[in-house]
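Single-letter residue listing:
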Amino acid sequence: MSSFHETDVAIIGAGPVGLFAVFECGMLRMRCHVIDTLEAPGGQCAALYPEKPIYDIPGYPEIGAQALIDRLAEQAAPFHPVFHLDQQVLRLQQLEGGGFELGTSAGTTIRAKAVILAAGAGAFGPNRPPLDGIEQYEGKSVFYLVSRREALRGKRVVIAGGGDSAVDWALSLADVAAKVMVVHRRPKFRAAPESAAKLQQLADSGVIELVVPYQLHGLEGDGGTLSAVIVADLDDATRRLEADVLLPFFGLSMELGPIADWGLALERHHVATLPATASTNIPGIFAIGDIATYPGKLKLILSGFAEAAQAAHAAHPLVHPGEALHFEYSTSKGVPAA
């Protein structure tokens, strides 16, 4: 269903850096609409490792990825951002009178005076395993991210993959699911050593089952309801795993997608910016976080947070032309009323 919106700033990407950009823009009295391809805010933090601790956020010796997203959303909430989720920005064009118009895959049209790209590594989606008919199960019994672990309570769960996401979710679901089976093509996992060791301990004690060396081969079920996952070993011998849910964790395919066609200056699939302002070669478009590059760039969340503040301040004259901006610390100005 198509819809039309006007706002001050359109933020592309609802990951941690995009969420903090909402706060920084809000502090300067700029309204934001946020667009993201995923079904919920959080970007890679929520999609790939929601329960994994992060250690380099100032003020938090340790904080879970989803907890960080929750805090950032709470921080942005007073400024009433409007989210357009599960849709991709396909079109971005400059308007003759100034500003931009964005069009999404869901038929949403947004006009904004400035655009902040906080799209991580670009428009990304899950790497889907090449299984016949998998589309009919997606969103019903095949999921590429887990939003609520409680939804899997009592289920027979097959997890496929050998990285942090697969191992972390196996550990998390071990005391929730009726059965957890981890399918990987080799006995060694690419996860953090401590997590891999815990996985092996649970396997040794019979809490979970390691199905190695195997890889996904096929699905059995009806009407999107899964009944079994078929796996094959290196000699193509197959095995049937009775299951209610399949969680394939093969990472995200990260591409600039339509962003590559917007006339932005690119360097190795990243958007080139000026570090002092986060501005791109197109006036009014700013890039922050992992999608942005400049000499000496550090791909850290905290770097993205600083870039969000720089972009907001640089966008202010476009949203409030002629209005002097006197920098004030949040401790002295507080949070502006909505």
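About the cut-offs
- Residues numbered from 1 in each chain as written.
- Predicted model: local features only at pLDDT ≥ 70, side-chain atom pairs only at ≥ 80, totals over all residues.
- Heavy atoms only, no water.
- Buried < 20%, exposed > 50% of the residue type's maximum accessible area, 1.4 Å probe, protein only.
- Helix = DSSP H or I, 4+ residues; strand = E, 2+ residues; numbered from the N terminus.
- Pairing = 2+ DSSP bridges.
- Right-handed = clockwise from strand over helix to strand, strands pointing away.
- Axes fitted to C-alpha atoms, helices over the stretch in contact; angles between N-to-C directions.
- Core = buried A, V, L, I, M, F, W, Y, C linked by side-chain atoms within 4.5 Å.
- Contact = heavy atoms within 4.5 Å.
- Salt bridge = Lys/Arg side-chain N within 4 Å of Asp/Glu carboxyl O.

Caption draft 1: Region of interest: the pairing of strand β10 (residues 156-160). Taking burial as the measure, the 5 residues of β10 include 4 buried ones, the bulk of the element. The pairing of β10 with strand β11 (residues 179-183) spans 5 bridges and is classified as parallel. Pairing of Arg 156 across the sheet is with Lys 179, part of β11. Taking the sense of rotation as the criterion, the β-α-β connection linking β10, helix α4 (residues 164-173) and β11 turns out right-handed. Pairing geometry for β10 and strand β16 (residues 245-248), over 4 bridges, is parallel. In the sheet register, Ile 159 faces β16, and the bridge partner there is Leu 247.

Caption draft 2: Examining the sheet that holds strand β13 (residues 214-222) more closely. Across the sheet, 3 strands lie side by side as β13-β14-β15; this open sheet has antiparallel pairing. On the outer flanks of this sheet lie β13 and β15 (238-242), each paired with one strand and no other. In this sheet, neighbouring strand axes are inclined to one another by 25° on average, regardless of whether the strands run parallel or antiparallel. Pairing between strand β14 (residues 225-233) and β15: 5 bridges, direction antiparallel.

Caption draft 3: Spotlight on the nonpolar core. Of all hydrophobic cores here, the largest spans 38 residues; its most connected members are Val 9, Ile 11, Met 30, Ile 54, Ile 116 and Ile 288. Elements with a minimum of two residues in this core: β1 (3-12), α1 (16-27), β2 (32-35), α3 (65-76), β8 (108-117) and α6 (301-319). Each residue touching Ile 288, except ones within four places of it in the same chain, is listed here: Val 17, Ala 21, Ile 116, Leu 117, Ala 118, Ala 278, Glu 307, Ala 308 and Ala 311. Among the nonpolar cores identified, the runner-up in size contains 22 residues, and Ala 119, Ile 259, Ile 285 and Ala 292 belong to it.

Caption draft 4: Representation of the pattern of salt bridges in the model. As enumerated under the stated definition, the model contains 16 salt bridges in all. The closest approach of N and O atoms between Glu 220 and Arg 240, which form a salt bridge, is 2.8 Å. Taken together, the positions of Glu 220 in strand β13 and Arg 240 in strand β15 put the pair 20 residues apart, joining distant regions of the chain. Accessibility expressed as a relative area gives 30% for Glu 220, which makes it partly exposed. The exposure class of Arg 240 is partly exposed, given its relative accessible area of 42%. Close ionic contact of Glu 242 with Arg 240 constitutes a salt bridge, the shortest N to O distance being 3.4 Å. Classification of Glu 242 by relative accessible area gives partly exposed; the value is 46%.

All quantities given are derived from atomic positions and should not be read as evidence of function.
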